[in-house]
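Coordinates in review
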Amino acid sequence: MTDPARPVPKACIIGHPVAHSRSPMVHGFWLKELDLPGDYTREDVRPENLARFIASLRERGYVGANVTVPHKEAVLGLAEVASETARAMGAANTLWFENGLLHADNTDVPGFLANLDERAPGWDRSGGTATVLGAGGAARAVIYGLLARGFSTIHLVNRNEDRSLALQAAFGPAVKPCGWDRLAAVLPATDLLVNTTSLGMSGQPPLVLDLKALPDTALVHDIVYIPLTTGLLSAARARGLATVDGLGMLLHQAVPGFAHWFGRMPMVTEDLRALLVRDIERAAA
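Residues numbered from 1 in each chain as written. Predicted model: local features only at pLDDT ≥ 70, side-chain atom pairs only at ≥ 80, totals over all residues. Heavy atoms only, no water.

**Some words on the overall build of the protein**
Looking only at helices and strands, the protein has 12 helices and 12 strands in total. Relative to the 2.2 N^0.38 estimate, which gives 19 Å for 285 residues, the radius of gyration of the protein is 19 Å and therefore close to what a compact globule would have. Overall, the protein is about 65 × 40 × 35 Å in size when its C-alpha atoms are taken along their principal axes. Burial statistics for the protein: of 285 residues in total, 51% are counted as buried. (Helix = DSSP H or I, 4+ residues; strand = E, 2+ residues; numbered from the N terminus. Rg over C-alpha atoms; globule rule 2.2 N^0.38 Å. Buried < 20%, exposed > 50% of the residue type's maximum accessible area, 1.4 Å probe, protein only.)

Next comes the structure, spelled out in structure tokens:
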């Protein structure tokens, strides 16, 4: 029974724009499933207003927040305590108050790993070689996770050499910068192919790759989840390769924040996934 004298915990997602975010659907599902008092809303905050908004987060009644583009990097410097992962990423996506201080974490790494663990058990059993497309913030999280799971070589395919070299400097010689013109040369030794670019996302140019050179045992993962089945995943399935879509990363990265804000550890279930799938399909219709 809810204590009327105790404020209902409230969290939000901060971004600009943010109306498209499905995070309220995810957290609303868990609040209902666990029969917990609480609320989760969207807050559209322009970059020039971010520092002022974060400073007033508690005053606004929030126990914490998710953070999405374009604020992930800037918000890290506004937190009082940052996790090792957030510092390594140079970005944060989850905020909460603990012992009176604002904490920041980056849950994209555990979200990425948990999604693969769930949808492709044993994917990291032998480590090996990965090829990562893109060199932005998502690629940074993917590289961090792959190194933690024992991958010895990560080919980083990107048009901007400076960004690739920056990630190599951050993560070490296991990261091998590679231009798109050399992609075909690295595919034959690739155990895991991960797309972290926006190519193939609804409203973006398609990602067109020839996957013939990939080994038959390779796993193909696209972190894009709108559409749920991207062109890359369709091409991989046509070749008979194992695939993992990006929806699970969205779901699993939300788990730690919910636990901080509402005091219970939620589960990523097939019912939750089905709810999101229906919403994505309805929006595309």
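**Notes on the sheet that holds strand 6 (residues 101-105)**
One open sheet holds the 6 strands; their spatial order is 2-1-3-5-6-4, and the pairing between them is mixed. The strands lining the two open edges of the sheet, one partner per strand, are strand 2 (39-44) and strand 4 (81-82). Relative to strand 6, strand 4 is paired through 2 bridges, and the arrangement is parallel. Considered in strand 6, the bridge of valine 81 is made with histidine 103. Here helix 1 (residues 23-33) sits on the sheet in contact with strand 1 (10-15), strand 2 and strand 3 (64-67), set at roughly 170° to strand 2. The strands touched by helix 11 (residues 255-262) are strand 1, strand 2, strand 3 and strand 5 (94-98); relative to strand 5, the strand with the most contacts, the crossing angle is about 25°. (Pairing = 2+ DSSP bridges. Contact = heavy atoms within 4.5 Å. Axes fitted to C-alpha atoms, helices over the stretch in contact; angles between N-to-C directions.)

**Things to note about the pattern of salt bridges**
One pass over the full model with this rule turns up 10 salt bridges. Residue glutamate 48 is joined to arginine 46 by a salt bridge in which the shortest nitrogen-to-oxygen separation is 2.9 Å. For glutamate 48, a relative accessible area of 51% puts it in the exposed group. Through salt bridges with shared partners, a single network forms among Arg22, Asp279 and Arg282. (Salt bridge = Lys/Arg side-chain N within 4 Å of Asp/Glu carboxyl O.)

**Focus: helix 9 (residues 231-238)**
Residues of helix 9 that are buried: Leu232, Leu233 and Ala236. For helix 9, the angular spread of buried residues about the axis comes to 95°, placing them on one side. Of the surrounding elements, those touching the buried residues of helix 9 are strand 10 (192-195), strand 11 (219-222) and strand 12 (242-244). (Arc of directions from axis to C-beta.)

**As for the pairing of strand 11**
Burial along strand 11 is two-sided: Leu219 and His221 facing one way and Val220 and Asp222 facing the other are all buried. Pairing geometry for strand 11 and strand 12, over 3 bridges, is parallel. By the bridge assignment, leucine 219 is partnered in strand 12 with alanine 242. Taking the sense of rotation as the criterion, the β-α-β connection linking strand 11, helix 9 and strand 12 turns out right-handed. (Right-handed = clockwise from strand over helix to strand, strands pointing away.)

**Topic: the sheet that holds strand 10**
The parallel open sheet is built from 6 strands, whose spatial order is 9-8-7-10-11-12. This sheet does not close on itself; its edge strands, each paired only once, are strand 9 (175-178) and strand 12. For this sheet the average axis-to-axis angle between neighbouring strands, irrespective of direction, equals 20°. Of the strand pairs in this sheet, strand 7 (residues 128-133) and strand 10 are connected by 4 bridges, and their pairing is parallel. Counted as the bridge partner of valine 132 is valine 194 from strand 10. In this fold helix 5 (residues 108-119) packs onto strand 10, strand 11 and strand 12, with an angle of close to 135° to the strand it touches most, strand 11. Against the sheet, helix 7 (residues 161-171) contacts strand 8 (151-157) and strand 9, and its axis sits at roughly 175° relative to strand 9.

**A few points about the environment of glycine 77**
The residue glycine 77 is located in the loop between helix 3 (72-76) and strand 4 in this model. In sequence terms glycine 77 and glycine 90 are 13 residues apart; their C-alpha atoms lie 9.2 Å from each other.

**So, the nonpolar core**
Counting residues in hydrophobic clusters, the biggest one holds 27 residues, and the most contacted among them are Phe112, Trp123, Leu146 and Leu192. Among the elements of the structure, helix 5, strand 7, helix 6 (137-148), strand 8, helix 7 and strand 10 are those that each provide at least two residues to this core. Sorting elements by how many residues they give to this core places helix 6 first, with 5 residues. Among the nonpolar cores identified, the runner-up in size contains 25 residues, and Ala11, Trp96, Ala254 and Ile280 belong to it. (Core = buried A, V, L, I, M, F, W, Y, C linked by side-chain atoms within 4.5 Å.)

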